[in-house]
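Commentary on secondary and tertiary structure
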Amino acid sequence: MPKRASTANEKSGEMEKITVNLGYVDLGRIDLLVREGFYSNRADFIRTAIRNQIEVHHSTVAQTIERHTLELGLRVFDKAALEAAKAEGERLHIKVIGLVRIADDVTPDLALATIGSITVLGALQASAKLKAALADRIR
């Protein structure tokens, strides 16, 4: 079976920027912890807090991943991978927690011929044309 996609873990340097609104008191407490040297900056505190919460719910996340057969990390689909799937008559149902990247060399026609559905809990990186072509398959 040909290799269709590459994988990488969350430490691959890929990040998604989010915005968080905090009250002044909470922000002040974070700044105090930063000033006291517990964290290097606000973002370090927030990332650590999020990771701690994810760890608290680790078993629930693991069970859900197993139940839904979700992949964890980075999945990259390029023209060669999708052409290989097409040649085998396979229809891909992509389910990822993390990042799915569809390479710029993938045409909308090739994506439509090979991708049956995309479920991403995280982020999908693809051209605007690909996202528009696959809009009814993105969950």
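These remarks concern the structure in this document.

Cut-offs and rules
Residues numbered from 1 in each chain as written. Predicted model: local features only at pLDDT ≥ 70, side-chain atom pairs only at ≥ 80, totals over all residues. Heavy atoms only, no water. Helix = DSSP H or I, 4+ residues; strand = E, 2+ residues; numbered from the N terminus. Buried < 20%, exposed > 50% of the residue type's maximum accessible area, 1.4 Å probe, protein only. Areas by Shrake-Rupley, 256 points an atom, 1.4 Å probe, with all protein chains shown as cover. Arc of directions from axis to C-beta. Contact = heavy atoms within 4.5 Å. Core = buried A, V, L, I, M, F, W, Y, C linked by side-chain atoms within 4.5 Å. Pairing = 2+ DSSP bridges. Right-handed = clockwise from strand over helix to strand, strands pointing away.

Attention now goes to the overall build of the protein. Looking only at helices and strands, one finds 6 helices and 4 strands in the protein. Classification of the 139 residues of the protein by burial places 27% in the buried group. Roughly 9,600 Å² of accessible area belongs to the protein as shown, and the carbon and sulfur atoms make up 54% of that amount.

Turning our eyes to something else, we now look at helix H4 (residues 79-87). Taken together, the buried positions of H4 are Ala81, Leu82, Ala84 and Ala85. An end-on view of H4 places all buried positions within 155 degrees of arc, on one side of the element. Exposed side chains of H4 directed beyond 90 degrees from the buried face belong to Ala80 and Ala87. Contacts from the buried residues of H4 go to strand E2 (71-77), strand E3 (92-102), helix H5 (108-114) and strand E4 (115-125).

All right, on to the nonpolar core then. Counting residues in hydrophobic clusters, the biggest one holds 18 residues, and the most contacted among them are Leu82, Ile94, Val100, Ile102, Val106, Ile115 and Ile118. Of all the secondary-structure elements, those providing two or more residues to this core are H4, E3, H5 and E4. The element that contributes the greatest number of residues to this core is E3, accounting for 5 residues. Filtering out sequence-adjacent residues up to four positions away, Ile115 remains in contact with Leu82, Arg91, Leu92, Ile94, Ile102, Leu134 and Arg137.

Looking now at the pairing of E2. For E2, the buried fraction is high: 5 of the 7 residues fall into the buried class. Across 7 bridges, E2 lies against E3 in parallel orientation. If you follow Leu72 over to E3, its bridge partner there is Ile97. Once the chain exits E2 it traverses H4 before rejoining the sheet at E3, and the crossover so formed is right-handed.

Interpretation note: all reported values are geometric properties and have no functional meaning in isolation.
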